[in-house]
Each structure stands twice: as C-alpha cells, then as structure tokens.
Amino acid sequence: MGTDELKTAGKDNFNFISMMLSRIAHDLGNPLSAILGFSELLGMDGISDEKRRRYVEHINVQAGRANSMLQNMASLGQKTEVSIGSVGLASLVQNLLVRCRQVSPHIVFEFEIGEDLGVLADSSLTMRVLEHLVGNATNMFKQAGTAEPRVEIRANTLSEQGLVRIFVSDNGPGVLADDAEKIFEPFYSRRNSGGLGLGLYSCRQMASLMNGKLSYLAPAPGIPGATFALDLEADLL
C-alpha cells in the first residue's frame, strides 16, 4: 500500500471514529438527560406516590436504553467465541419467552416450533440474536402506542438448502421502505428508535459467525408489522 493510500485509509478511519464518537455522545446523552431530569423531580417536596412511581419507571426505562447501547458498543470490540453444536429451538425459544412475558406482561408472545426442530449453531449467540429482535419489537410498540402488541416466533425447515428459517414477527409500526435497505448498516438507526444503530448490525454479524444469515422480510401491502428471518444450518441427526 502506497503513502497516498495509507493517508486515505487513515483519514477514513479518523472520519469513522469521529462519526462514531459523535453518535455515541448524542444518543447516550438522551437517556442520561432524562435520568437526570426525573432524578431531580424525585427530589422535590410534596410529590405524590403515583408520580414518584412513574418517575422511577421512566428512570428504569432510560437506564435500560443506556445499558443496551453500552452493551452493543462493547460487543464491537470483543472477540466473540463461537461454539457450534446441536441447539433445540423449542426449548431455547420457550426460555426466552418466559422472561419476555415476565418483563412485558401486556404483550402477547406466541411461538410455533416443533419439539424436534434443531439447528447447528451457537446457543448463546442464537439467544442474543432472538433477544434483540424481540426487544426491538417491544421498543417499537412503546413508541407507536400499539394497542394490542403481539410477537410471534416460528420456524420451518428449508429442506433443499439444509437450513432452518426462524421468523420473528410483530404487529408494530413496521419498517419504512426507505429504511429497509439500511437497517443492517452500522450506526444506522430507524427514526425515533432511540438507539445507536448497532443492534441489527451486530445481530447480522453474529448470524454470520454461525454460518447463518439474518434478513428483513417486507410484508405484503396493507399488512402491519415487521418480520425478520434468521437462517441457520439444520441439525439433521
């Protein structure tokens, strides 16, 4: 690589890092400002128990947003260890949805996966990808005020390709057509999503580490919500 090429690469890296730091400062600033604001309100005299409860809930939500951002950033700098083995999808998804129902009892979580359906994958990475997709859906429900929020996880076998396709669908506001081609790019965030734009990018990278693929499936006209598909190698034994 010549001197000019090195200079260009260095400039590109500097620009990328500058953009990343600016984005982090902006997006982390939003939840931190909210936490500070509600903390000040909690310190006021004479507030009712109901208001105090609401302020604490807001603080918890914003702290969760900040923590999620930090985890996504940390994942970029970590060398992910991958252990491929047989993963039973039904039990994995059941465990995931038990936690989801406890955290968000107002959301209907459903799944349709055969007990004998398995994949050759890393169970931890598979769980992280599905957790993020479900978490994305619940966040969009809150922002859109979805009246009867529902998340469905189902799977079927793509026999000719030797794959299992896991679908994560919701009935939220969906993905705008302009966003559909960009949502897997690093630091690209859907409008008002409140995130750093690293979640789906990281999920696609994790899928790739398992020799899989994560895709967005556009719904038919007039059908609400979003559907993501995770393709993993089928466990045929």
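Look above for the structure.
Residues numbered from 1 in each chain as written. Predicted model: local features only at pLDDT ≥ 70, side-chain atom pairs only at ≥ 80, totals over all residues. Heavy atoms only, no water.

(A) Fine view of the overall build of the protein. Within the protein, the regular secondary structure consists of 6 helices and 7 strands. Tracing the protein from N to C terminus, the helices and strands come up as α-α-β-α-β-β-α-β-β-α-α-β-β. Sequence separation of at least 24 residues holds for 67% of the intrachain contacts in the protein that already meet a minimum separation of 6. If you sum the accessible surface of the protein, you get close to 13800 Å²; carbon and sulfur atoms cover 52% of it. (Helix = DSSP H or I, 4+ residues; strand = E, 2+ residues; numbered from the N terminus. Contact = heavy atoms within 4.5 Å. Areas by Shrake-Rupley, 256 points an atom, 1.4 Å probe, with all protein chains shown as cover.)

(B) Local environment of the packing of helix H3 (residues 89–103) against helix H4 (residues 123–144). Relative to each other, H3 and H4 sit at 40 degrees, their axes nearing to 11 Å. By the angle between their directions, the pair H3 and H4 is classed as oblique. Every pair of crossing elements has a handedness; the one defined by H3 and H4 is right-handed. Between H3 and H4, the contacting residues are Leu 92, Val 93, Asn 95, Leu 96, Arg 99 and Cys 100 on the first element and Ser 123, Thr 126, Met 127, Leu 130, Glu 131 and Val 134 on the second. Taken together, the residues of the contact of H3 with H4 break down into 7 nonpolar, 3 polar and 2 charged. (Axes fitted to C-alpha atoms, helices over the stretch in contact; angles between N-to-C directions. Parallel < 35°, antiparallel > 145°, perpendicular 65-115°, else oblique. Left-handed = near helix turned anticlockwise from the far one by under 90°. Nonpolar A, V, L, I, M, F, W, Y, C, P; charged D, E, K, R; others polar.)

(C) Quick peek at the pattern of salt bridges. Going through the model one piece at a time under the given rule, you end up with 4 salt bridges. Note that Glu 57 is salt-bridged to Arg 53, the shortest N-O span being 2.5 Å. Placement of the pair is Glu 57 and Arg 53 together in helix H2 (residues 49–77), with a separation of 4 residues, close to one helical turn. For Arg 53, a relative accessible area of 40% corresponds to the partly exposed category. For Arg 99, the salt bridge is made with Glu 131, and the minimal N-O distance between the two is 2.4 Å. With Arg 99 in helix H3 and Glu 131 in helix H4, this residue pair connects regions lying 32 residues apart in the sequence. (Salt bridge = Lys/Arg side-chain N within 4 Å of Asp/Glu carboxyl O. Buried < 20%, exposed > 50% of the residue type's maximum accessible area, 1.4 Å probe, protein only.)

(D) Looking closely at H3. In this model, H3 (15 residues) spans 21 Å end to end at C-alpha, consistent with the 21 Å of a helix rising 1.5 Å per residue. Taken residue by residue, H3 has Leu 89, Ala 90, Leu 92, Val 93, Leu 96, Leu 97 and Cys 100 as its buried positions. Along the axis of H3, the buried residues cluster in a sector spanning 155 degrees; they form a single face. Where H3 is buried, its residues contact strand S1 (85–88), strand S2 (108–112), strand S3 (118–121), H4, strand S4 (150–158) and strand S5 (163–170). (Expected span 1.5 Å × (residues − 1). Arc of directions from axis to C-beta.)

(E) How the structure looks around the nonpolar core. Core analysis: the largest hydrophobic core is formed by 43 residues, its most contacted members being Ile 153, Ile 166 and Phe 228. Counting residues per element, the ones that place at least two in this core are H3, S3, H4, S4, S5, helix H6 (199–209), strand S6 (213–217) and strand S7 (226–234). When residues of this core are assigned to their parent elements, the largest contribution, 8 residues, is made by H4. In contact with Phe 228, other than residues within four places in its own chain, are Leu 133, Ile 166, Phe 167, Val 168, Ile 183, Phe 184, Leu 200, Leu 214, Ser 215 and Tyr 216. (Core = buried A, V, L, I, M, F, W, Y, C linked by side-chain atoms within 4.5 Å.)

(F) Examining the pairing of S5 more closely. The element S5 is largely enclosed, with a buried count of 6 among its 8 residues. Pairing between S4 and S5: 8 bridges, direction antiparallel. Each residue of the ladder has a partner; that of Asn 156, found in S5, is Arg 165. Between S4 and S5, which pair antiparallel in sequence order, lie 4 residues; one of them, Gly 162, sits at a positive phi of approximately 70 degrees. As judged from the 8 bridges shared by S5 and S7, these two strands associate in the antiparallel manner. Following the sheet pairing, Arg 165 is matched in S7 by Asp 231. (Pairing = 2+ DSSP bridges.)

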